[in-house]
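The lines below spell out each chain.
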Amino acid sequence: MPLIAALRPHLATAIALVLSGLAVAAAVLFALGPANITSTTHTWEASATPGTTVVEPLILVASTPDEISVSIPCRSDSTGASQLMFSTAPDGEGLTVTGSDGQLSVTVDGDSIGTAGWSSASATSECSQMVAYANGTWLLQSPSGDQVRLVGAAPVVVHLAVGANGPIDGSVQVAVKTQPHGSSPSTMQWVTGVLAVVLAVSATGVALRTISVGRRTGDTPKRRTRPSVRLGFADATVAVTTALWMVIESAHYDDGWLLAIHRSYEDVGRFTNFYMNAGVEGPLGYWNNWIAHWWTITVHSPVALRVLPAVLIIAGWFVARLTVAAVAPLAWRRPLVRGVLAGAYLVGTTAWLMTLRVEPTTSLLCATALLSVVMFIRRRSAPFLVAALAAAMLSVAAHPAGIVALAPVIVVLPWLVQWFRELPRRAVPLLATTLSVGAIGIVVLFLDSDVGLKLGAIAGFESDSHSYTPADEPLRYIGLSLEHGGTVLRRLSVALGGVATLMFVGRVWRRPPAIVDTAGWSLILGTLLLSTVPSKWVWHFGAFVGLISIALAVEFGALMAARRAPLRRTAAALAVVAAATFAFGGTQGSNQLDLITLRWVSMPFVNTPAWLWVAVTALVSLAVVVLRRLRWWDSLAVGTVVSATLISALAIASTAGMLIGDSIATDGWTLAKQNTQALLGNNSCGIADFAYATETPGAIRFESIMPSSDVSDEAAADAGFPAGNGDSTEWLSEPIEPERSLHALGPV
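Below is a short write-up of the structure.

About the criteria used
Residues numbered from 1 in each chain as written. Predicted model: local features only at pLDDT ≥ 70, side-chain atom pairs only at ≥ 80, totals over all residues. Heavy atoms only, no water. Helix = DSSP H or I, 4+ residues; strand = E, 2+ residues; numbered from the N terminus. Buried < 20%, exposed > 50% of the residue type's maximum accessible area, 1.4 Å probe, protein only. Contact = heavy atoms within 4.5 Å. 1 Å grid on protein atoms, 1.4 Å probe; cavity = no way out; pocket = protein on both sides within 12 Å on 5 of 7 lines; lining within 4 Å. Points joined across faces, edges and corners; volume = space filled by probe spheres on them. Nonpolar A, V, L, I, M, F, W, Y, C, P; charged D, E, K, R; others polar. Phe/Tyr/Trp six-rings, centres within 6.5 Å; stacked < 30°, edge-to-face > 60°. Lys NZ or Arg CZ within 6 Å of the ring centre and 35° of its normal. Expected span 1.5 Å × (residues − 1). Pairing = 2+ DSSP bridges. Axes fitted to C-alpha atoms, helices over the stretch in contact; angles between N-to-C directions. Core = buried A, V, L, I, M, F, W, Y, C linked by side-chain atoms within 4.5 Å. Patch = residues over 30% accessible without salt bridge, like charges linked within 9 Å, V, L, I, M, F, W, Y side chains within 5 Å. Areas by Shrake-Rupley, 256 points an atom, 1.4 Å probe, with all protein chains shown as cover. Salt bridge = Lys/Arg side-chain N within 4 Å of Asp/Glu carboxyl O. Lys, Arg positive; Asp, Glu negative; His and termini not counted. Charge placed at Lys NZ, Arg CZ, Asp CG, Glu CD.

This part covers the overall build of the protein. Within the protein, the secondary structure is distributed over 27 helices and 18 strands. For the protein, the residues scored as buried account for 51% of the 748 residues in total. Across the protein, every contact between residues at least 6 apart in sequence was considered, and the portion connecting residues at least 24 apart equals 75%.

Taken as a whole, this structure holds 8 cavities of 30 Å³ or more when the rule is applied. As a volume, the largest cavity reaches approximately 160 Å³. Considering the residues around the largest cavity, the lining is formed by 18 residues, among which Thr 487, Leu 489, Ser 590, Trp 600 and Thr 655 are closest to the centre. Within the residue set of the lining of the largest cavity, elements represented by two or more residues are helix H11 (335-353), helix H19 (488-508) and helix H24 (632-665). The biggest single contributor to the lining of the largest cavity is H19, with 3 residues. Counted by class, the lining of the largest cavity contains 7 nonpolar, 8 polar and 3 charged residues. Lining the second largest cavity are Ile 248, Glu 249, Ser 250, Leu 593, Asp 594, Ile 596, Leu 659, Asp 662, Ser 663, Thr 670, Leu 671 and Ala 672.

Moving on, we get to unusual backbone geometry. Only a minority of non-glycine residues have a phi that is not negative, and only a minority of peptide bonds are not trans. Pro 34 follows Gly 33 through a cis peptide bond whose omega is 5°. By the secondary structure assignment, Pro 34 is in the loop between helix H2 (9-32) and strand S1 (36-38). Here the phi dihedral of Asn 135 falls at roughly 55°; this positive angle occurs in a residue that is not glycine. Residue position: Asn 135 is located in the loop between strand S10 (129-134) and strand S11 (137-141).

This part is about the side chain of Asn 289. Mapped onto the fold, Asn 289 is located in helix H7 (residues 286-296). In this structure Asn 289 comes out as buried when scored by relative accessible area, which is 18%.

On to the packing of aromatic side chains, then. The tally for this structure, following the rule as stated, stands at 12 aromatic pairs. Relative to Trp 521, the ring of Phe 504 has its centre 5.1 Å away and its plane inclined at 85°; by these criteria the two rings are edge-to-face. With a gap of 17 residues between them, Phe 504 in helix H19 and Trp 521 in helix H20 (residues 518-530) connect regions that are remote in the sequence. The residue whose ring lies beneath Arg 338 is Trp 332, and the NZ or CZ to ring-centre distance is 5.9 Å. Arg 491 extends its terminal NZ or CZ atom over the ring of Phe 582, reaching a point 4.0 Å from the ring centre.

What follows deals with the side chain of Thr 617. Tracing the backbone shows Thr 617 in helix H23 (residues 610-628). Setting aside chain neighbours within four positions, we find Thr 617 in contact with Ala 573, Val 577, Gly 639, Thr 640 and Ser 643.

In this section: the environment of Leu 559. For Leu 559, the location among the structural elements is in helix H21 (residues 545-561). Sequence separation of Leu 559 and Ala 572 is 13 residues, and the distance between their C-alpha atoms is 8.6 Å. With residues up to four places along the chain from it excluded, the contact list for Leu 559 reads Met 503, Arg 568, Arg 569, Ala 572 and Ala 637.

So, on to H20. Taking 1.5 Å per residue, 13 residues should reach 18 Å; H20 reaches 18 Å between its end C-alpha atoms and fits that length. For H20, the set of buried residues is Thr 518, Ala 519, Gly 520, Ser 522, Leu 523, Gly 526, Leu 529 and Leu 530.

As summarised here, the arrangement of the 6 strands in space is S2-S15-S4-S10-S11-S12, forming an open sheet in which the pairing is antiparallel. In the strand order of this sheet, the two ends are held by strand S2 (41-46) and strand S12 (147-151), each with one partner. Neighbouring strand axes in the sheet, compared pairwise and without regard to direction, differ in orientation by 10° on average. Strand direction decides the pairing type here: strand S4 (residues 67-72) and S10, joined by 6 bridges, are antiparallel. Note that in S10 the partner of Val 70 across the bridge is Val 131.

Judged by nonpolar contacts, the single largest core of 124 residues is most densely connected at Trp 245, Trp 352, Val 412, Ile 550, Leu 552 and Phe 556. Among all residues touching Trp 245, those that are not within four sequence positions of it are Arg 306, Thr 350, Met 354, Leu 489, Ile 652, Thr 655, Ala 656 and Leu 659. In this structure, Trp 44, Phe 86, Val 162 and Val 172 belong to the second largest nonpolar core, which totals 24 residues.

Time to look at a negative patch on the surface. Residues Asp 91, Glu 93, Asp 109 and Asp 111 make up a contiguous surface patch of negative charge. Looking at the secondary structure, you find Asp 111 in strand S9 (residues 111-117). Since its relative accessible area comes to 53%, Asp 111 is described here as exposed.

These values are about where atoms sit, not about what they do.
So this is what it looks like as C-alpha cells:
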C-alpha cells in the first residue's frame, strides 16, 4: 500500500473508479460467456406394422428438446388408405404428425402449424418429408425440397410414439438434441472472471484508502462501547437447544430432494432440481450448493448432515447478539432483553433452520448485513459498508428469498447521504467500491454458467409454480394454516415478526431515523422485498429469523426504557397475546412422518383461548408489581417481555415433548431413534428397515408401513385396506390402488 498512500487523493479516486469500471466490464464478459455446454443427441427409428403402436419413453430436461427433427416416410400406395401418427406427448400435447388421405398435418400443443401432401412410394423415388425445430423456428420440408419456416415454441417431449393403420414404406426417423445438461467455464470465462475479481479487489483497496473517517453524528456515542463477549445463560440455552433439535427434529420437507441434487451431481454434471421442474438447473445458489455439496456427499446419517445448518445457526446467534449490543448497548445489559432475543431466535431456528435448504445461510447473511450497517453508522468506517454489500450480494446469489438482505443496505441510505454531506469527495470512492462488489457478485452469480443458461433455467422455473407476482403474496401467509407451514413454531415465528413490526411502528411514528430504528426498518423493507420473489413457499420466512429476533429484542428494550407510554405498552401486551393465540392454533405437522403414533392436536396448550394468555400476562405483571415494586405501566412492560419469552419457551418445550414422546410411544422407526442410534455408532437404513414391497400385480407404487402391531384393524379399514389380524403379509396380498397409501393410516 505505500504506492497507494503516496498517490494524491484525486488521482487515487480516479484510479479506483477506472479499475472498478474495468472489473464490471470483465464481469459482464464473463457472464455473457459462452460457457462450455454439454448436451446429448438421441436418435430413434421405428416402423410400426399396421394396427400397432411403438412407444419409447423419453425423459428430457424440462420435458422439452433443444432441437428435434422427424423424417416421415412415404405411404405405400396412392389410394390414400394409409394412416400414420407420430407424437411426442399424449392427449394432443407436444408435436403430433398425422398422415391421412394423402395429407400430412403437423400440430404443436393442439395448434396446427402446417399441412403438406403425403406422397406415395409409387409416385416418386424420394418422398421423405421433414419436420424439424431449432432455435425457436419450425421447418417443414416437402419431398421436392420446398421449405416453410414458422416461429414457434419447442414441443413437449415425454415419449416418442408412432402408429400406423396401413402399409408404410420405411420407418420414422427421429433425432432429439437435449437441452444443456452440464456446463463448465470456458477459457474466456476463466480469464475474464479472474481478471474481474483481481480488478475489483484492487479497486476496493484503492477506494478504501481514499475514504477518511468522518466526524461522529448526534446519535453516535462519543466513546466506543464494545459489546460484551462473555457467554451466559442465553448462549448456553441456544447451544443446548440447537444440539437437541439436531437429534429430535423431523426431516424437512425438501431435505431428501436436496440430497438427490447433491448426490446426483457426479452423474448429471450440475446442480439440477432433481425430481421437480424436470431437472432444470437452479438459477441461483451455485456457490452455496458447493459449500453444502462436499458435506452432503461425505456424511450420510441425518444427524451428521445437520452439523452444517447447526454451525450456521450458532454463527447467526452470535451475529444477532452482537447486533443488539451495538444497536442498544444499554438494553443489552438487561437479562430480559437477552432472554427475549434467545427465545425469538430459537423459535425461528427450530421452526425453519434445521434443514439442508438455504434458509440457514440467508438468515445468517441478512443478520450480517444488518450488523455491518449498524457498525458503519456507529464507526463511520467504510469497510463495514463493504461488508454489508458483500453479505447482501452473497444472499441474493444464494436464493431469490435472499433479496431480504438488501433491506439493511437500503435502510442505511439516509446515513450515507449525511456522510457525503460531511465530505463530498467520499461519493466517488464509494461508487467505485459498489461497482467492485457488483462485479464480484456477477462472477459469483454466473459461476459455471452464462446468461443464456440462466435465462433457460429461469424459464424452466417459471413454468412450474414459480411465476407469482407480489399480488399473490397472501398465498405465503395462507400456508401458515396448511400442512408443512401450520406448526406452532412456524406460526409463532411469523407472529413474533408481526409483534416487532407493530411495536416499531408505534415507536417511530413521526420521528427522524436513528440507529435503534435500523432493525425495524430492515424488517419492514425485507417483508416488502420478499413479496417480489416469484415463488410463495412458506419456508422462505426462514430468511427473517435473525432480523425478527433482533428487531423484537430492540423493541422490547425500548419499551422497558420508555416513560409515559401506556398505549404502547398495552398494544404490545395485546400483540403478544394475539401472537400466542395464533401460534397455538396450529395443529398441522411439518411433514407426514414427523409424528408416527401421537397427533399434534394432543400437544399441550394447543387451541388455548386468548383470555388465558391475557390472564398469564396480567399475572406476570402483577407479580412484577409485588416483587419489584414498580408502577403498573412499568410492570406491564416487564410482564409483556417475560410473557413473550415464556410463550417462546412453551412452544419449543411442547414441540420437543411431542417429538420425544412420539419416539417413546412408537415401537418402530422414528427419526429421533435413528439419530440417537447413529450417535451411539449404530447406523441403520432408517425407515427402510420397516419398509415392505409387494409383488401383487395390482400394486403400482412402493408403500412403507410400520410393524403390524402399530396398526389396528379399525385404522386399516378406515384407510380402505383389509384387516391384517397381526400379519402384515395379508395386507400386501390385496392390490393397492394408486390413491390408497399406507401413510394415510397415520398414528393409531
